[in-house]
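# A structural walkthrough
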Amino acid sequence: MPQLVEPHGGTLVDLLVAPEEAASLESEATRLAPIALDARELADLEMLAIGALSPLTGFLGSADYESVLERLRLADGTVWPIPVTLAVDEKTRAKLRPGERAALLDEAGRVWGTVDVSEIFERDFFAEAWKVFGTGDTSHPGVAYLLSRPRWLVAGRVRVLPLPADLPFSSWRWTPRKLRQEIQARGWQTVAGFQTRNPIHRAHEHLTKLALEFA
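Residues numbered from 1 in each chain as written. Predicted model: local features only at pLDDT ≥ 70, side-chain atom pairs only at ≥ 80, totals over all residues. Heavy atoms only, no water.

## Focus on the nonpolar core
Cut-off, in case you're wondering: Put simply, a nonpolar core is a bunch of buried Ala, Val, Leu, Ile, Met, Phe, Trp, Tyr and Cys residues held in one set by side-chain atoms that sit within 4.5 Å of each other. Throughout this description, buried means an accessible area under 20% of the type-specific maximum (1.4 Å probe, protein chains only), exposed means over 50%, and partly exposed covers the range between.
One finds Ile35, Leu45 and Val158 to be the most contacted residues of the largest nonpolar core, which totals 30 residues. Core analysis: the second largest hydrophobic core is formed by eight residues, Val17, Ala22, Ala103 and Leu105 among them.

So this is what it looks like as structure tokens:
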């Protein structure tokens, strides 16, 4: 069997609750203060849940957040270049307390999971923009998005319901654990990963083939 590389940070995280626990968590969430996530935060939540952002177990607290901006590392020294955050407005912030649990909802009101609120802190928009994007220019889409979000950030470990079956390409949204199992089952010795924000084109194909050739 092929020897797989260690997960980043040494631990492959899985924050999805077991199917038999889902009803209980969803019922609990109806009694908690709600936090509505936008599309980007929801994508981050899914990535956290399946372990794609291992070793993270939730949205960053202030120590990790500041360390990532200053050193491109988590507070424990693990390499991490971009903060993973959950923003809330003043109205939502007023309903939250560190040490309590809150429900995580999408913009349509569907419950996705919960967060154990460990901290609520304020970020410096322009410091984050310069540290992450190298500019404060609002014509940069990353900066524009950042400045459109609330300034308060909620930190804490998350628990996530089994992913909805109606997500686009749900049968191909493999978790890292599932992918690692598939690599072992097929006996692959060399694997190249490619992340894209648009359909793969010829230059991407060429780079992927080079990665396989020189790995």
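## Points about the environment of Val160
Test applied: Going along the chain from the N terminus, every DSSP run of H or I of four or more residues is numbered as a helix, and every run of E of two or more is numbered as a strand. Whether two residues are in contact is decided by their heavy atoms, any of which lying within 4.5 Å being enough.
For Val160, the location among the structural elements is in strand β6 (residues 152–160). Measuring from C-alpha to C-alpha, the distance between Val160 and Ala103 comes to 10.0 Å, with 57 residues separating the pair along the chain. Residues in contact with Val160, not counting those within four places in the same chain, are Leu15, Leu16, Val17, Leu25, Leu45, Ala49, Trp112 and Gly113.

## Describing the packing of aromatic side chains
Spelled out, the test is: Only centres within 6.5 Å qualify two rings of Phe, Tyr or Trp (six-membered ring in Trp) as a pair; their planes then separate them into stacked at under 30 degrees, edge-to-face at over 60, and tilted for everything else. Any Lys NZ or Arg CZ that is within 6 Å of a ring centre and within 35 degrees of that ring's normal is treated as a charge sitting over the ring.
The tally for this structure, following the rule as stated, stands at two aromatic pairs. One residue, Arg40, lies across the ring of Tyr145, its end atom 3.8 Å from the ring centre. The ring centre of Trp174 lies 5.0 Å from the NZ or CZ of Lys178, which sits over that ring.

## Some thoughts on the side chain of His204
With respect to the helices and strands, His204 occurs in helix α8 (residues 202–214). Setting aside anything within four residues of it in sequence, one finds His204 in contact with Phe194, Thr196, Asn198 and Pro199.

## Comments concerning the pairing of strand β1 (residues 33–36)
Threshold: Strand pairing follows a simple DSSP-based rule, namely that at least 2 bridges must link the two strands.
Residue alternation in β1 divides its side chains into a buried set, Ala33 and Ile35, and an unburied set, Pro34 and Ala36. Here β1 runs beside strand β4 (residues 101–105); their pairing, made up of four bridges, is parallel. Looking across to β4, one finds that Ala33 is bridged to Ala102.

## Considerations on the packing of helix α5 (residues 125–133) against helix α6 (residues 141–148)
Put simply, the test is: Orientation is described by lines fitted to C-alpha atoms, with helices fitted over the stretch in contact, and by angles between N-to-C directions that extend from 0 to 180 degrees. By definition in this entry, angles of less than 35 degrees are roughly parallel, angles greater than 145 are roughly antiparallel, angles of 65 to 115 are roughly perpendicular, and the rest are oblique. Whether a crossing is left-handed or right-handed is set by the direction in which the near helix is turned from the far one by less than a right angle, anticlockwise for left-handed and clockwise for right-handed. Any residue that is not Ala, Val, Leu, Ile, Met, Phe, Trp, Tyr, Cys, Pro, Asp, Glu, Lys or Arg is counted as polar, Gly included; the first ten are nonpolar and the last four charged.
It is at 10 Å that the axes of α5 and α6 come closest, and there the two elements cross at 155°. In terms of orientation, α5 and α6 fall into the roughly antiparallel class. Of the two elements, α5 crosses α6, and the hand of that crossing is right-handed. The residues of α6 that touch α5, namely those facing Phe125, Phe126, Glu128, Ala129 and Phe133, are Gly142, Val143, Leu146 and Leu147. When the residues that make up the contact of α5 with α6 are grouped by side-chain class, the tally is seven nonpolar, one polar and one charged.

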